[in-house]
Amino acid sequence: MTSRSSKVTARPSSEARAVARTQTLIKGRNGIGTVRKTTLPGGLRIVTETLPSVRSATFGIWAHVGSRDETRALNGATHYLEHLLFKGTRKRSALDISSALDAVGGEMNAFTAKEYTCYYARVLDADLPLAIDVVCDMLTGSLILEEDVDVERGAILEEIAMTEDDPGDCVHDLFAHTMFGDNALGRPVLGTVDTVNALTADRIRRFYKKHYDPTHLVVACAGNIDHNKVVRQVRAAFEKAGALTDQAARPIAPRDGSRTIRTFGKVELLARKTEQAHVVLGMPGLARTDDRRWAMGVLNTALGGGMSSRLFQEVREKRGLAYSVYSYTSAFADCGLFGVYAGCRPSQVHDVLRICRDELDHVAQNGLTDDEIARAIGQLRGSTVLGLEDTGALMNRIGKSELCWGEQMSVDDMLAKIAAVSPDEVRSVARDILGQRPSLSVIGPLKDKQASRLHDAVA
């Protein structure tokens, strides 16, 4: 991503407080949409986006840790820790944390992914100081008590069971395993029953101490806010917790690497007594820093991103073989996935797979039409803007951009990048990605003869 960074100013220093460096990354129009960043001594980064026309604000803290940072024995530790940070701090009990936000009508939650974790609260603009205090307290003062670990274990095991009861969700975890195998990217974010049962409070505390220091964190805030006030409140909260003691520390850089996926033609079947068969047919995709990602976004939208997409038209509209059918991309620091999902009657699995494979092969060899590409560009531009129409989405964008790219891109620049994608670029990325031999993951009640034919779809 490219930044529209310009003016850089330094806050006045004093003997008691080291210098914080502030930058204007994106200059908004009439103050609306201005993105600023302050890096505190100690390595904590704070990015904000100002939107004076709303009466809300979303405050989040992003941690540079996800399930891919876990060893096999620690699988599920990142998500387990996410739960435990809500269980109490030196200042607040679990009830105090939840009731503080409930009392002002706020919303608070968190999520864990393969490469990052985010904790956030959305409140009225007047209640932002409360949200900052509560979320910062959770991130810096968590107790991780033995009894809380034992209690929360049951909740997490129920969450795993709930996911396994939803084969339309579970099949994506299976596809990650099909593509990546038994390594960190191929394992489920939630962990497994065995790994969660084996995790102890002591191991989780060590994991917390290693991955939650300020150099691994990005604070993001969007809405009707004042950047300098947010910085002062966050700094005060972290300093009070003793979390900014190493004044010379610097933020860690975004992830990089050179992973190469060489999984082709693999098939994994998980036999389940479900009403539908759930399938994902896919292949290696692009890393999130790949310059071709804009063309890949257009390709994905045209193939399976809406009701006018090829896969939706061919599988559902023309033949009625599936209710849900779509394509998607997952991009990581050094690799990616492209997949096509469909849920259908078990007796229709092979027809659905044949049609999906035929469409992928056809687009790989012949590309998309100019009309399809133009329609996909318009759809992608519109959905990009509509998806950023609330403070939570804005907070997600600036927080993830800082953590994963170390840069910010304005919405106008994003729209320009999408609009600049040429038909030749889309056809080129289609040849490169869709021309690979696919792999396949299936969950469903397939009989032996049906299962034996699954390899035909990836031959």
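For the structure itself, look to the data block above.
These lines cover the structure that appears in this document, whether it is placed above or below. (Residues numbered from 1 in each chain as written. Predicted model: local features only at pLDDT ≥ 70, side-chain atom pairs only at ≥ 80, totals over all residues. Heavy atoms only, no water.)

Observations regarding the overall build of the chain
Part 1 of the reasoning: Looking only at helices and strands, one finds 16 helices and 13 strands in the chain.
Part 2 of the reasoning: Since a compact globule built from 459 residues should have a radius of gyration of about 23 Å, the 23 Å found for the chain is in line with a globular shape.
Part 3 of the reasoning: Taking the principal axes of its C-alpha atoms as reference, the chain extends roughly 75 × 50 × 40 Å.
Part 4 of the reasoning: Going through the 459 residues of the chain one by one, you find that 55% of them count as buried.
Part 5 of the reasoning: Within the chain, counting contacts between residues at least 6 apart in sequence, those at least 24 apart form 77% of the total.
Part 6 of the reasoning: Accessible surface, the chain: about 19900 Å² in total, of which carbon and sulfur atoms supply 49%.
Part 7 of the reasoning: A distance of 4 Å separates the average location of the 58 positive side-chain charges in the chain from that of its 58 negative side-chain charges. (Helix = DSSP H or I, 4+ residues; strand = E, 2+ residues; numbered from the N terminus. Rg over C-alpha atoms; globule rule 2.2 N^0.38 Å. Buried < 20%, exposed > 50% of the residue type's maximum accessible area, 1.4 Å probe, protein only. Contact = heavy atoms within 4.5 Å. Areas by Shrake-Rupley, 256 points an atom, 1.4 Å probe, with all protein chains shown as cover. Lys, Arg positive; Asp, Glu negative; His and termini not counted. Charge placed at Lys NZ, Arg CZ, Asp CG, Glu CD.)

Brief notes about the side chain of Glu402
Part 1 of the reasoning: Relative to the helices and strands, Glu402 resides in helix 13 (residues 391-404).
Part 2 of the reasoning: In terms of polar contacts, Glu402 uses its side chain to reach the side chain of Lys37, at 3.0 Å.
Part 3 of the reasoning: Non-local contacts of Glu402, meaning those with residues more than four positions away in its chain, are made with Lys37, Arg45, Val47, Val218, Glu407 and Gln408. (Polar contact = N/O pair within 3.5 Å; in protein donor to acceptor, adjacent residues only side chain to side chain.)

Topic: a negative patch on the surface
Part 1 of the reasoning: On the surface, Glu164, Asp165, Asp166, Asp169 and Asp173 cluster together to form a negatively charged patch.
Part 2 of the reasoning: You can see Asp173 is positioned in helix 5 (residues 167-180).
Part 3 of the reasoning: In this structure Asp173 comes out as partly exposed when scored by relative accessible area, which is 31%. (Patch = residues over 30% accessible without salt bridge, like charges linked within 9 Å, V, L, I, M, F, W, Y side chains within 5 Å. Salt bridge = Lys/Arg side-chain N within 4 Å of Asp/Glu carboxyl O.)

Considerations on the packing of aromatic side chains
Part 1 of the reasoning: For the coordinates displayed, the defined rule picks out nine aromatic pairs.
Part 2 of the reasoning: Their ring planes at 55° and their centres at 5.4 Å tell us that Trp62 and Tyr116 sit as a pair that is tilted. A residue pair is termed long-range when its members are at least 10 positions apart, and Trp62 in strand 5 (residues 56-63) and Tyr116 in the loop between strand 6 (107-112) and strand 7 (117-124) qualify at 54 residues. Side by side, Trp62 and Tyr116 carry an identical accessibility label, which is buried.
Part 3 of the reasoning: The interplanar angle of 65° and the centroid separation of 6.2 Å between the aromatic rings of Tyr119 and Tyr212 together place this pair among those described as edge-to-face. Residue Tyr119 is located in strand 7, and its partner Tyr212 is located in the loop between helix 7 (201-211) and strand 8 (217-223); the two are separated by 93 residues in the primary sequence. (Phe/Tyr/Trp six-rings, centres within 6.5 Å; stacked < 30°, edge-to-face > 60°.)

Quick notes on helix 10 (residues 310-317)
Part 1 of the reasoning: Considered for burial, the residues of helix 10 that qualify are Arg310, Leu311, Phe312, Glu314 and Val315.
Part 2 of the reasoning: Residues of helix 10 that are buried in the fold lie against helix 9 (293-304), strand 11 (324-331), strand 12 (336-344), helix 11 (349-366) and helix 12 (370-386).

Examining helix 15 (residues 423-434)
Part 1 of the reasoning: When the terminal C-alpha atoms of helix 15 are compared, their 16 Å separation across 12 residues agrees well with the 16 Å that a helix rising 1.5 Å per residue should span.
Part 2 of the reasoning: Inspection of helix 15 places Val426, Val429, Ala430, Ile433 and Leu434 among the buried residues, and these make up the whole buried set. Looking down the long axis of helix 15, one finds its buried residues gathered within 110° of arc, a one-sided arrangement.
Part 3 of the reasoning: Against the buried residues of helix 15 lie strand 10 (277-284), helix 9, strand 12, helix 11 and helix 12. (Expected span 1.5 Å × (residues − 1). Arc of directions from axis to C-beta.)

Looking at the pairing of strand 4 (residues 45-50)
Part 1 of the reasoning: The buried fraction of strand 4 amounts to six of the six residues, a majority that puts the element mostly inside the structure.
Part 2 of the reasoning: Side chains Arg45, Val47 and Glu49 project from strand 4 onto one buried face, and the interleaved Ile46, Thr48 and Thr50 project onto a second face that is buried too.
Part 3 of the reasoning: In this structure, strand 3 (residues 35-39) lies alongside strand 4, joined through five bridges in antiparallel fashion. Opposite Val35, over in strand 4, you have Glu49 as the bridge partner.
Part 4 of the reasoning: With antiparallel pairing between neighbouring strands as the criterion, strand 3 and strand 4 make up a hairpin whose turn holds five residues, including Gly42 at a positive phi of roughly 110°. (Pairing = 2+ DSSP bridges.)

Observations concerning the pairing of strand 12
Part 1 of the reasoning: Of all nine residues in strand 12, nine are buried, a share of seventy percent or more.
Part 2 of the reasoning: Covered by surrounding structure in strand 12 are Gly336, Phe338, Val340, Ala342 and Cys344 together with Leu337, Gly339, Tyr341 and Gly343, the residues of both alternating faces.
Part 3 of the reasoning: Summarising the sheet, strand 10 and strand 12 pair through eight bridges and their orientation is antiparallel. Its bridge partner lying in strand 12, Ala277 is registered against Cys344.
Part 4 of the reasoning: The pairing of strand 11 with strand 12 spans eight bridges and is classified as antiparallel. By the bridge assignment for strand 12, Tyr328 is matched with Gly339.
Part 5 of the reasoning: Where strand 11 folds back onto strand 12 in an antiparallel hairpin, the turn is made up of four residues.

Details of the packing of helix 3 (residues 128-141) against helix 8 (residues 227-240)
Part 1 of the reasoning: Taken N-terminus to C-terminus, the directions of helix 3 and helix 8 make an angle of 35°; their axes are 9 Å apart at the nearest point. Of the two elements, helix 3 crosses helix 8, and the hand of that crossing is right-handed. Only Val230, Gln233, Val234, Ala237 and Phe238 of helix 8 make contact with helix 3, whose side of the interface consists of Leu128, Pro129, Ile132, Cys136 and Thr140. (Axes fitted to C-alpha atoms, helices over the stretch in contact; angles between N-to-C directions. Left-handed = near helix turned anticlockwise from the far one by under 90°.)

With respect to the environment of Thr112
Part 1 of the reasoning: Tracing the backbone through its elements, the reader meets Thr112 in strand 6.
Part 2 of the reasoning: Taking the relative accessible area as the measure of exposure, Thr112 reaches 15% and is therefore buried.
Part 3 of the reasoning: With 273 residues separating them in the primary sequence, Thr112 and Val385 have C-alpha atoms 25 Å apart.
Part 4 of the reasoning: Among all residues touching Thr112, those that are not within four sequence positions of it are Thr78, His79, Glu82, Thr117 and Val189.

Points about the sheet that holds strand 13 (residues 439-444)
Part 1 of the reasoning: Read from one edge to the other, the open sheet built from five strands follows the order 9-13-10-12-11, with strand pairing classed as mixed. Of all strands in the sheet, those bounded by a partner on one side alone are strand 9 (267-271) and strand 11. On average, adjacent strands in this sheet sit at an angle of 15° to one another, irrespective of strand direction.
Part 2 of the reasoning: As defined by bridge partners, strand 10 adjoins strand 13 across five bridges and the pair is classed as antiparallel. Across the sheet, the residue bridging to Gly282 is Ser439, located in strand 13.
Part 3 of the reasoning: Packed on one face of the sheet, helix 5 meets strand 9, strand 10, strand 11, strand 12 and strand 13 and runs near 145° to strand 13.
Part 4 of the reasoning: Contacting strand 10, strand 12 and strand 13, helix 11 crosses the sheet at an angle of about 25° to strand 10.

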